[in-house]
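Examining the three-dimensional arrangement
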Amino acid sequence: MPSLLGIDNGLTVTKAVIFDADGTQLSVARRRVPQSMPHARWVERDMAGLWQATADAIKEAIALCGRPADDIGAVAATAHGDGLYLLDKDRRPLGPGILSLDSRAGEIVERWSADLVFDEALACTGQAPHVSAPSALLAWLKQNDPDRYGRIGHVLACKDWLRFCLTGTIGTDCTEASTSFTDFRTQAYAPEAMRLFGLGDLFDALPPVAHSADIVGHVTADAAEMTGLRKGTPVACGLHDVTASALGMGGHEEGVLSIVAGTYSINEVVSSQPRVDRRWFCRNAIDAGRWNNMSISPASTANYDWFLDNFCRSEQDRTNADGGSIHELLAAEIDAALKKPSTILFHPYLFGSPYGDVASGSFVGLHGWHNRGDMLKAVLEGIVFNHRTHVEALREGFAVREIRLTGGGSRNPAFVQMFADVLNAPVTITSTDEAAALGAALCAGAAVGIFATPQQGARQVGMTARQYQPVPASSAVFSDRFSLYCRIAEQLKPQWPEIERLARPDTRGTA
């Protein structure tokens with residue numbers, strides 16, 4: 001049975017993971033992909049650099065797996081959703097890729113929210129636009145960079161760019177197509193959605209849509225030379241990384257609420273009927289007639305990474321040099337903090353929030369006797385509280401029988417236990433470290449007939465699970481703290497716009 005290659009491109013790292021057909025991970029290789037922030041709220045990266053880093057990771061993964069490239073039966077990619085990766089009419093990159101952490105379109109979304117665009121978008125597309133949605137970013141380009149806008153030939157998502165680099169073919173899948181411009185009832189592109197956002201002239205630039213497990217091309221000679229893959233290796237269409245993560249942990253099923261604690265706070269559940277609410281996106285699932293209901297915000301472990309980058313730099317440098325783990329090094333500080341009460345509450349809104357782009361992060365209840373461990377514990381708690389905000393919305397809308405968790409935080413038992421206690425429900429983690437890459441590989445396997453469907457593949461692969469049970473006493477404490485956390489956020493809502501105005505050049509003071 002051939003092996004399968006899943007490519008997973010996140011917001012900071014691109015990965016190539018090779019799996020055996022039974023789901024066993026044979027090798028993984030990673031490359032960091034630098035971000036550029038040339039202006040406040042802009043988060044970009046070089047598209048050619050992303051492809052080079054991905055190609056290097058693929059080549060290393062092949063070298064590490066102990067099998068020849070000919071053994072790889074198929075490839076599929078997944079990557080961060082939303083954002084924008086543009087090609088011109090000659091199919092060349094049109095400027096840098098825009099990541100889903102970008103919020104330059106905040107004023108446009110604010111304007112849309114004040115008129116009928118929000119309600120009309122919800123009624124048509126099943127979701128209200130947000131700052132990193134393709135709709136908002138394209139509208140920003142049209143308003144602020146009309147020359148670039150006028151040269152747009154193809155509107156792609158990140159994984160579609162990687163597919164183009166591998167195969168030379170242009171297209172997307174149904175999960176990615178539904179980020180802005182599909183009618184949630186038909187699950188197909190809707191010209192009225194494009195007109196609603198003032199983008200009707202770009203309808204023909206939207207990529208054709210295929211099933212995630214359709215073969216959409218083959219590795220070209222140029223891509224084979226760069227990656228070490230065999231020329232002609234089949235490439236499947238792939239899927240949005242949110243859906244890929246749920247699939248890879250066995251959670252892309254009705255009744256299972258999948259949580260991805262990554263850069264974004266991802267919380268999702270599949271349904272057989274569409275249900276629209278401002279608190280979640282009603283997007284396409286892998287198969288027609290199924291919907292993936294996602295309640296999300298860019299407010300999860302990116303906050304933890306920010307804390308490490310700014311307040312644990314020397315420890316990070318030391319562990320990077322000796323091959324250790326910064327997380328293991330800090331575990332004792334966090335464990336000590338977890339064993340004692342604390343007044344600190346943290347709102348993890350450094351890059352966004354359920355309240356929109358105007359919210360900002362904050363520590364509340366901080367005193368001089370608190371230490372770094374106390375603050376780290378508050379950051380982790382705030383992350384889980386933010387997930388609870390989204391989970392509660394989905395529990396109100398859909399029947400949930402099981403909660404599954406993946407993402408970098410799921411490797412920390414104390415963090416997983418915090419999820420169980422805060423949600424007051426059992427939380428299951430699986431043995432799959434690379435859930436999103438496995439989800440892509442399952443699509444690749446289904447494309448070449450190894451699995452009947454990607455979901456069937458998820459049931460077939462060898463995946464063990466561990467369930468964490470809530471501790472009633474801890475759940476009660478967290479419930480009280482969560483209530484206060486929410487009340488403080490509500491009190492801050494009218495102050496956030498005032499805080500943001502402090503950074504504008506037409507106000508007194510310093511940014």
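About the criteria used
- Residues numbered from 1 in each chain as written.
- Predicted model: local features only at pLDDT ≥ 70, side-chain atom pairs only at ≥ 80, totals over all residues.
- Heavy atoms only, no water.
- Domains from an automatic or database assignment.
- Contact = heavy atoms within 4.5 Å.
- Buried area = accessible area lost by both parts, 1.4 Å probe.
- Salt bridge = Lys/Arg side-chain N within 4 Å of Asp/Glu carboxyl O.
- Polar contact = N/O pair within 3.5 Å; in protein donor to acceptor, adjacent residues only side chain to side chain.
- Nonpolar A, V, L, I, M, F, W, Y, C, P; charged D, E, K, R; others polar.
- Helix = DSSP H or I, 4+ residues; strand = E, 2+ residues; numbered from the N terminus.
- Buried < 20%, exposed > 50% of the residue type's maximum accessible area, 1.4 Å probe, protein only.
- Core = buried A, V, L, I, M, F, W, Y, C linked by side-chain atoms within 4.5 Å.
- Phe/Tyr/Trp six-rings, centres within 6.5 Å; stacked < 30°, edge-to-face > 60°.
- Lys NZ or Arg CZ within 6 Å of the ring centre and 35° of its normal.
- Disulfide = S-S within 2.5 Å.

The name given to the protein in an unreviewed UniProt entry is Carbohydrate kinase, with the source organism recorded as Mesorhizobium kowhaii.

1. Side note on the domain arrangement of the protein
The domains assigned to the protein are domain 1 (3-260 + 429-466) and domain 2 (261-400 + 477-501). One C-alpha centre belongs to domain 1, the other to domain 2; they are set 24 Å apart. Counting from both sides, the interface comprises 43 residues of domain 1 and, opposite them, 39 residues of domain 2. Each partner contributes to the roughly 3400 Å² buried at the junction of domain 1 and domain 2, and carbon and sulfur atoms together form 54% of this total. Looking only at domain 1, the three residues that lose the most surface to domain 2 are Q187, L257 and V260, adding up to 19% of its buried area. One can count four salt bridges joining domain 1 with domain 2. Seen at the junction of domain 1 and domain 2, the total is 22 residue pairs in polar contact (both at pLDDT 80 or more). Residues of the side of domain 1 that touches domain 2, tallied by class, amount to 16 nonpolar, 21 polar and six charged.

2. Let's talk about the environment of L156
Along the chain, L156 falls in strand β8 (residues 152-156). The exposure class assigned to L156 is buried, which follows from its relative accessible area of 4%. Leaving out residues up to four positions away in the same chain, L156 has contacts with L84, Y85, L87, W161, I170 and P207.

3. So, the nonpolar core
Counting 49 residues, the largest nonpolar core has I259, Y304, L405, F419 and V427 as its most contacted members. Broken down by element, this core gets its largest block of residues, 11 residues, from helix α14 (residues 372-397). Counting contributing residues per domain, this core is built from domain 1 (3-260 + 429-466) and domain 2 (261-400 + 477-501), each supplying no fewer than three. Grouped together as the second largest cluster of nonpolar side chains are 48 residues, L5, L11, V43 and L162 included.

4. Focus: the pattern of salt bridges
Per the counting criterion, the structure on display carries 35 salt bridges. Linking D173 and K159 is a salt bridge whose minimum nitrogen-to-oxygen distance equals 2.9 Å. Note that D173 is positioned in strand β9 (residues 172-173) and K159 in helix α6 (residues 158-167), a separation of 14 residues in sequence. With a relative accessible area of 0%, D173 lands in the buried category. Taking the relative accessible area as the measure of exposure, K159 reaches 0% and is therefore buried. With a closest N to O distance of 3.1 Å, R185 and D183 form a salt bridge. Residue classification places D183 among the buried residues on the basis of a relative accessible area of 9%. Members of the salt-bridge network, linked through shared partners, are D8, K15, R30 and E434.

5. Focus: the packing of aromatic side chains
For any pair of aromatic rings, the description consists of the separation of the ring centres together with the inter-plane angle of the planes. Under the criterion given, the structure shown has 18 aromatic pairs. Between the aromatic rings of F181 and F197, the centroid separation amounts to 6.2 Å while the plane-to-plane angle is 70 degrees, which identifies the pairing as edge-to-face. Of this pair, F181 sits in the loop between α7 (174-177) and α8 (191-196) while F197 sits in the loop between α8 and β10 (209-210), and the two are 16 residues apart along the sequence. A residue is classified by how much of its surface remains accessible, and F181, at 4% relative accessible area, is buried. Judged by centre distance (5.2 Å) and plane angle (75 degrees), the rings of F415 and F419 are edge-to-face. Of this pair, F415 and F419 are both found in helix α15 (residues 413-423), four residues apart, which corresponds to roughly one turn of the helix. We note that F415, like F419, is buried. Among the aromatic side chains, those forming a connected cluster through ring pairs are F385, F478, F482 and Y485. The residue whose ring lies beneath R104 is W42, and the NZ or CZ to ring-centre distance is 4.0 Å. Directly above the ring of W140 sits R104, whose terminal nitrogen or CZ lies 5.0 Å from the centroid.

6. Looking at the state of the cysteines
Here, the word disulfide means a covalent bond between the sulfur atoms of two cysteines. Tallied over the full model, the rule gives zero disulfides. Here C165 is not cross-linked by a disulfide; its sulfur's nearest cysteine counterpart is in C158, at 9.7 Å.

7. Let's talk about the side chain of Q127
Take Q127: it is sitting in the loop between α3 (117-125) and α4 (134-144). Overall, the relative accessible area of 3% leaves Q127 in the buried class. A distance of 2.7 Å separates a polar atom in the side chain of Q127 from the backbone oxygen of S178. Of the polar contacts made by the side chain of Q127, one reaches the side chain of R283; its length is 2.8 Å. The residues touching Q127, leaving out its near neighbours within four places in the chain, are A121, L122, S178, T179, S180, F281, C282 and R283.

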